[in-house]
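Understanding the architecture of this molecule
Spelled out, the chains give:
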Amino acid sequence: MHRPIDDPGAGEGAGRGPGPAPLFPPAAPGDGVPDPGRVDPRVLGALLARHGWQRRGGAAGRYGRWTPPGTGPGGGTSLLVPESRAFPDCEDLLGEALTALARSGTPAAREVLTGLAVPSDEIRWWREAPPGPAGTVPWPEQERFRSAVRKLLLAGALAARGPACYHGSRHRSAARAALDPVTVSADPGGRALTAFLPVPAVRPVAVRLHHALHAAREAVDYQRATGGMDAFDTAVEAGVSRELTEALVALVRGTEGARVALQWAPAAGAPAGCAARPEPVEFSPGDLPALREAGHRYLVDEPSVPVRVTGAVVRLRRSGPRGEGTVRLRVLGGADVAHVRVTLDEEAYRTAGHAHLVGLPIRVAGRLESRGGFRRLTDASEVVPVQVDDAERDRLMKSLHEDLDFFEEACGPGE
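Scope of this entry: the structure provided in the associated data block.

Procedures and definitions
- Residues numbered from 1 in each chain as written.
- Predicted model: local features only at pLDDT ≥ 70, side-chain atom pairs only at ≥ 80, totals over all residues.
- Heavy atoms only, no water.
- Helix = DSSP H or I, 4+ residues; strand = E, 2+ residues; numbered from the N terminus.
- Buried < 20%, exposed > 50% of the residue type's maximum accessible area, 1.4 Å probe, protein only.
- Phe/Tyr/Trp six-rings, centres within 6.5 Å; stacked < 30°, edge-to-face > 60°.
- Lys NZ or Arg CZ within 6 Å of the ring centre and 35° of its normal.
- Pairing = 2+ DSSP bridges.
- Axes fitted to C-alpha atoms, helices over the stretch in contact; angles between N-to-C directions.
- Contact = heavy atoms within 4.5 Å.
- 1 Å grid on protein atoms, 1.4 Å probe; cavity = no way out; pocket = protein on both sides within 12 Å on 5 of 7 lines; lining within 4 Å.
- Points joined across faces, edges and corners; volume = space filled by probe spheres on them.
- Nonpolar A, V, L, I, M, F, W, Y, C, P; charged D, E, K, R; others polar.

**Looking at unusual backbone geometry**
- Cis rather than trans, the peptide bond between Val-199 and Pro-200 has omega equal to 5°.
- Mapped onto the elements of the fold, Pro-200 is located in the loop between strand E6 (192-198) and helix H6 (203-226).
- At Asp-379, a position not held by glycine, the phi torsion is positive, near 55°.
- Within the element layout of this structure, Asp-379 appears in strand E13 (residues 376-385).
- Asp-379 gets classed as exposed once you look at its relative accessible area, which sits at 60%.
- A positive phi angle, near 55°, is found at Glu-382, a position not held by glycine.

**Side note on the packing of aromatic side chains**
- Counted by the stated rule, this structure contains 2 aromatic pairs.
- A ring pair is formed by Tyr-166 and Phe-374, whose centres lie 6.0 Å apart and whose planes are at 40°; its orientation type is tilted. Of this pair, Tyr-166 sits in the loop between helix H4 (139-161) and helix H5 (172-178) while Phe-374 sits in the loop between strand E12 (362-369) and E13, and the two are 208 residues apart along the sequence. Grouping residues by exposure puts Tyr-166 and Phe-374 together as buried.
- For the pair Phe-232 and Tyr-298, a centre-to-centre distance of 6.4 Å together with 75° between the ring planes defines the contact as edge-to-face. Pair noted here: Phe-232 is in helix H7 (residues 230-235) and Tyr-298 is in helix H9 (residues 288-301), with a separation of 66 residues, a long-range link. Like Tyr-298, Phe-232 is buried.
- Taking the ring centre of Phe-374 as reference, the NZ or CZ of Arg-170 above it sits at 3.7 Å.

**Details of the sheet that holds E13**
- If you trace the 5 strands once around the closed barrel, you get E9-E10-E11-E13-E12, paired in mixed fashion. Strand-to-strand twist across the sheet, computed as the mean angle between neighbouring axes with direction ignored, equals 50°.
- One ladder, built from 6 bridges, connects E12 with E13; its direction is antiparallel. Across the sheet, Arg-367 pairs through a bridge with Thr-378, a residue of E13.
- Across the sheet, helix H10 (residues 346-357) lies against strand E9 (305-317), strand E10 (325-333), strand E11 (339-344), E12 and E13, angled at about 65° from E9, the strand it touches most.

**So, empty space enclosed by the protein**
- This structure, assessed with the given rule, holds 5 cavities of 30 Å³ or more.
- Those elements that place two or more of their residues in the lining of the largest cavity are H6 and strand E7 (258-263).
- Its residues placed into classes, the lining of the largest cavity shows 7 nonpolar, 2 polar and 1 charged.
- Computed from the structure, the second largest cavity encloses a volume of approximately 40 Å³.
- Considering the residues around the second largest cavity, the lining is formed by Gln-142, Phe-145, Arg-146, Ala-186, Asp-187, Gly-190, Ala-192 and Leu-193.
- Broken down by secondary-structure element, the contributors of at least two residues to the lining of the second largest cavity are H4 and E6.
- At 3 residues, the largest contribution of residues to the lining of the second largest cavity is made by H4.
- Of the residues assigned to the lining of the second largest cavity, the class counts are 4 nonpolar, 2 polar and 2 charged.

Just distances and angles here, no functional claims.
Below, the structure written as structure tokens:
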């Protein structure tokens, strides 16, 4: 069935309460049956084949007869799908086929309708996990599966913004926003998930994830054959990062293996530089040591970044009435993170406190440290208030007045 990928604990089912708000909206084929006049019969045929429907005859060159996955030659609902629009009854046949798909309610039918409603690249994940008593994968394991897929998609979205050994907090909000249009279909047995990435909005993520997964596979093979990690260094340009290796570890851990396959939207074709039919990528438990070592290597190798950050002071803390203190800034510019923490000497701390009281942001130079996920600024200097327009200042002042525990925090114990 179609469902969002959400954080661990999300989902619904017998005996379970509702989970947290979904990361992605649920998939839907649109309002009712797609307009037959706007459906390309060749695209419909490609989507039927992709999602397991079987062609079982039909008038050659005119139409094909398709049956649902898992049915024999004479079983199940069949669809007559024209091969082109060259025949007078094409639109009637398409209308009947689309209506039958909408009424079917099977996962294979819904996935086809989703692909027609919003042309999408599809990424399918399979996991070989031990079955539960009912023969399906236990719910907690399905939750871990969805969490791993969510991490992989986020790693792809981060890599689409630029290569890095370790992204940390950088670009995370923008990467999450890029994944808003993504929808997911779950296999009833809990062993497969399919993500639909609409074209063109999310295609850059699909392309980057495609290159990154193949580069990670090659780097693991090189490490297992030679013991060297050099291939992971060059794989960074393809989109491999600590976030991707951690996601792959989460995908494979506790299973007998996992496989990822990507298929381009039939209506859009393959992007430049990519194979028309990419080979699936497989990972096994034997790959975990190399992936973990690469993740640690990426964390250590990513350098700190010199920045000049403009931010609104949202918290001040120091252990006593005098001396240095710690300031938390909501970043307005200068760094691709939402918040940073910076330790300031007594004079700079006083400047930050005064700026906060009068509703002004401050500007501070320093180095954004990778070890804390790019959340801490070190070697701070040149702390000065920044003038802003009246509307922004009013908004900052309103935020101050709503923060009733500010004065306690300003002189409270250190973190």
